[in-house]
Amino acid sequence: MVFKRKADEKNIHMKKMIQNTRKRKAKMKIKPSKFILDQQGEGRPAMLSSGNVAKAEDTLGYDPLVQKERELVADLFGGDGEPLGMAEEGLPGEPADGEKPEEVKVKVEECESNLPSFIPDDPFDIHRQEEQKHKPPVWVDDDDFNIRVKDVVAGMDKARGTRGIREVSDEHYSHTLQQKFRQTVGETPEWARLHPPGSQQDTEDEELVKGTADYMAHGRSLKLAKKRLACKRQVDLNFASRTEGAIITATEFNTKHHVGLVAGFSSAVVGAASLFKVDGTYNHLIHSVKFPKFPVKYAKFLSDGQKFVAGSNQCNYFYMYDLEGAQETRIPSNLGKDGHNMKNVLVSPDEELLVFLGKNGQLHLFDANCLSHVDTLYASGDVTAAAFNASGSRLYTHTTEGDVTIWDMHARACLHRFYDEGCIGGTSIAVSPDNQYLACGSSSGVINVYDLAAVMGQSPVPVKMLSHLRTSVSALTFNSSSEILAAASDQMENAIKLVHLPSMTYFANFPHSKTELRRVQVVNFSPHSGFLAAGNNGGRALLYRLHHFASY
């Protein structure tokens, strides 16, 4: 027993010596770097050159969450935590011995379909969003479904007892609106339905927009129907002011802004002009300006929309008004005795010239920039009216003898002259914006419409003779799309007519038989024909909305 105990003690002592020796040797060895680059990939620990295995935590790029996922996969599906089909057969796309590339492709697709879905779905995945056909509304107000019809009727202006059963109806208001829509329009129209991006319907809509872009740009949707014109009387253009005088001589529309100009004069020989915001509902007054001892007989916006010019037949000067600076500038004519007749003024489309119709057939040309007199043209008789073509290269004048003269504005010379067939005395003239028609009004109320391409002949014949007016044609103008010709006479009550082109027929419903227009002095269209304005001898600028034309 004594020997056995000593042997055990000796063995314990030897074991301690061996352990101490190993500890001393371990301290003498060089310690490896804490972080070792994993050059083998696939999450396997790197091997030291000494044969010792580095810890996974010491590997650069080690992620404990990823390691947990791998361990979970290994527990659930077996293996070492690698995706199925990859741990033993190599990387995807690398064919093994005897395998064909097509077989490898099929194999990879099968492996990808068997991958475990341990990563949660991304709610912001764009591919998943495209698969959602019906998206729920972002926000819903529960109070909207609690509104009753009687609650809405109670807030209306009319007295109680005029709404009938609706005043006590408990029906949901939203349901009532839906029923009313279905009764009026029907089910949801195709254009109002939502379609996923890139669908066939979306492509068709894009093609439709491309096909109608030209019509939309010119404020015109479809071909204008003849016989009846869809229009509605609006609040007078100068309703907010009515201080422009008893005789309205100008109703102009700004080409750049929704602004209207109304000018005229009163019995006190005082001229005035006002600017209005054109909306058809309120037409708010923007600014008014008075011209003492200057009865305004003509006013016209310049093409840039920043200024307008006003002329008179009793003064040897005219006014230029700046809209931005709200400042009028008096411009002397320097024309001697003939300068006292400055009542008619035209602005060339290129905004290079101002043309004043003087006495004895004189046409005074002023530079629109420096506002100085540059030249004078002489017609064969007293010029009563003039009009430019769309480009401003030619000027057409009508005389009291019925002669129509065509002027080349580049050479400033007469190109051609012809007699307006059957005309006793010329009073008005107009050129269509598409350069297709030339309309000439006479003192007998007859309007001759010519084909503009044929007026250079020796004796042009009108394509149509319009004779619904019985007195002198004082106003004549085309709309922007050359589909309507407006004509008026200031010598008879309600003497205004609208002519449909190219059928050359009158609109039967304009003016309405019960409408009191008095004597129309001037008529004009807005830039895209959405509005028609007519000034009369009662100090009013009547305004109409033409529904066929979509924009101002």
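Preceding this section is the structure that the text describes.
Cut-offs applied
Residues numbered from 1 in each chain as written. Predicted model: local features only at pLDDT ≥ 70, side-chain atom pairs only at ≥ 80, totals over all residues. Heavy atoms only, no water. Helix = DSSP H or I, 4+ residues; strand = E, 2+ residues; numbered from the N terminus. Buried < 20%, exposed > 50% of the residue type's maximum accessible area, 1.4 Å probe, protein only. Areas by Shrake-Rupley, 256 points an atom, 1.4 Å probe, with all protein chains shown as cover. Salt bridge = Lys/Arg side-chain N within 4 Å of Asp/Glu carboxyl O. Polar contact = N/O pair within 3.5 Å; in protein donor to acceptor, adjacent residues only side chain to side chain. Contact = heavy atoms within 4.5 Å. Pairing = 2+ DSSP bridges. Axes fitted to C-alpha atoms, helices over the stretch in contact; angles between N-to-C directions.

A.B. asks: Hey, could you run me through the overall build of the chain in this one?
C.D. replies: Counting its regular elements, the chain contains 7 helices and 28 strands. The buried share among the 552 residues of the chain stands at 38%. Here the chain has roughly 33400 Å² of accessible surface; of this, 53% comes from carbon and sulfur atoms.

A.B. asks: Sorry if this is basic, but what is going on with the pattern of salt bridges here?
C.D. replies: Pairing between side chains of opposite charge can happen when their charged atoms approach one another. This model, assessed by the stated rule, comprises 6 salt bridges. Two residues, R233 and D236, come together in a salt bridge whose shortest N-O distance is 3.5 Å. Overall, the relative accessible area of 3% leaves D236 in the buried class. Here K300 makes a salt bridge to E252, at a shortest N to O gap of 3.6 Å.

A.B. asks: What am I meant to see in the side chain of H500 here?
C.D. replies: The topology assignment puts H500 in strand β24 (residues 496-500). A polar atom in the side chain of H500 sits 3.0 Å from the backbone oxygen of L224. Not counting residues up to four positions away in its chain, the partners in contact with H500 are L224, A225, K226, E483, T505 and F507.

A.B. asks: For this particular structure, what's the right way to read the environment of A230?
C.D. replies: Looking at the secondary structure, you find A230 in the loop between α7 (200-217) and β1 (231-233). For the pair A230 and F549, spaced 319 residues apart in the sequence, the C-alpha separation amounts to 9.7 Å. If we ignore the near neighbours within four places in the chain, the residues touching A230 are R545, L546, H547 and H548.

A.B. asks: How do you make sense of the environment of F265 when you look at a structure like this?
C.D. replies: If you trace the backbone, F265 turns up in strand β3 (residues 259-265). A relative accessible area of 18% means that F265 is categorised as buried. For the pair F265 and T243, spaced 22 residues apart in sequence, the C-alpha separation works out to 9.1 Å. In this structure, F265 is in contact with E244, G245, A246, I247, T249, V270, G271, P295, V296 and K297, ignoring residues within four places of it in sequence.

A.B. asks: For this particular structure, what's the right way to read the environment of A379?
C.D. replies: Tracing the sequence through the fold places A379 in the loop between β13 (373-378) and β14 (383-388). Accessibility expressed as a relative area gives 15% for A379, which makes it buried. Sequence-wise, A379 and N360 are 19 residues apart; in three dimensions their C-alpha atoms are separated by 8.0 Å. Apart from the residues lying within four places of it in its own chain, the contact partners of A379 are G361 and W407.

A.B. asks: Sorry, what's going on with the sheet that holds strand β26 (residues 520-525) here?
C.D. replies: Backbone-to-backbone hydrogen bonds pair the strands of a sheet. The strands run either parallel or antiparallel. One open sheet accounts for 4 strands, arranged β1-β28-β27-β26; its pairing is antiparallel. Looking at the sheet topology across the chains shown, the edges are occupied by β1 and β26. If you compare each strand with its neighbour and ignore which way they point, the axes differ by 20 degrees on average.

A.B. asks: It is not clear to me how unusual backbone geometry should be interpreted in this structure. Could you clarify?
C.D. replies: Residues other than glycine predominantly adopt negative phi, and peptide bonds predominantly adopt the trans conformation. In this chain, L501 is followed by P502 through a cis amide linkage whose omega measures 10 degrees. Position of P502 among the secondary structure elements: in the loop between β24 and β25 (505-506). A cis amide bond links F510 to the next residue, P511, at an omega of -5 degrees. Checked against the element boundaries, P511 lands in the loop between β25 and β26. In this structure, K227 is a non-glycine residue whose phi angle is positive, near 75 degrees. Among the structural elements, K227 can be located in the loop between α7 and β1. Even without being glycine, N360 reaches a positive phi, approximately 55 degrees. Positionally, N360 belongs in the loop between β11 (353-357) and β12 (362-367).

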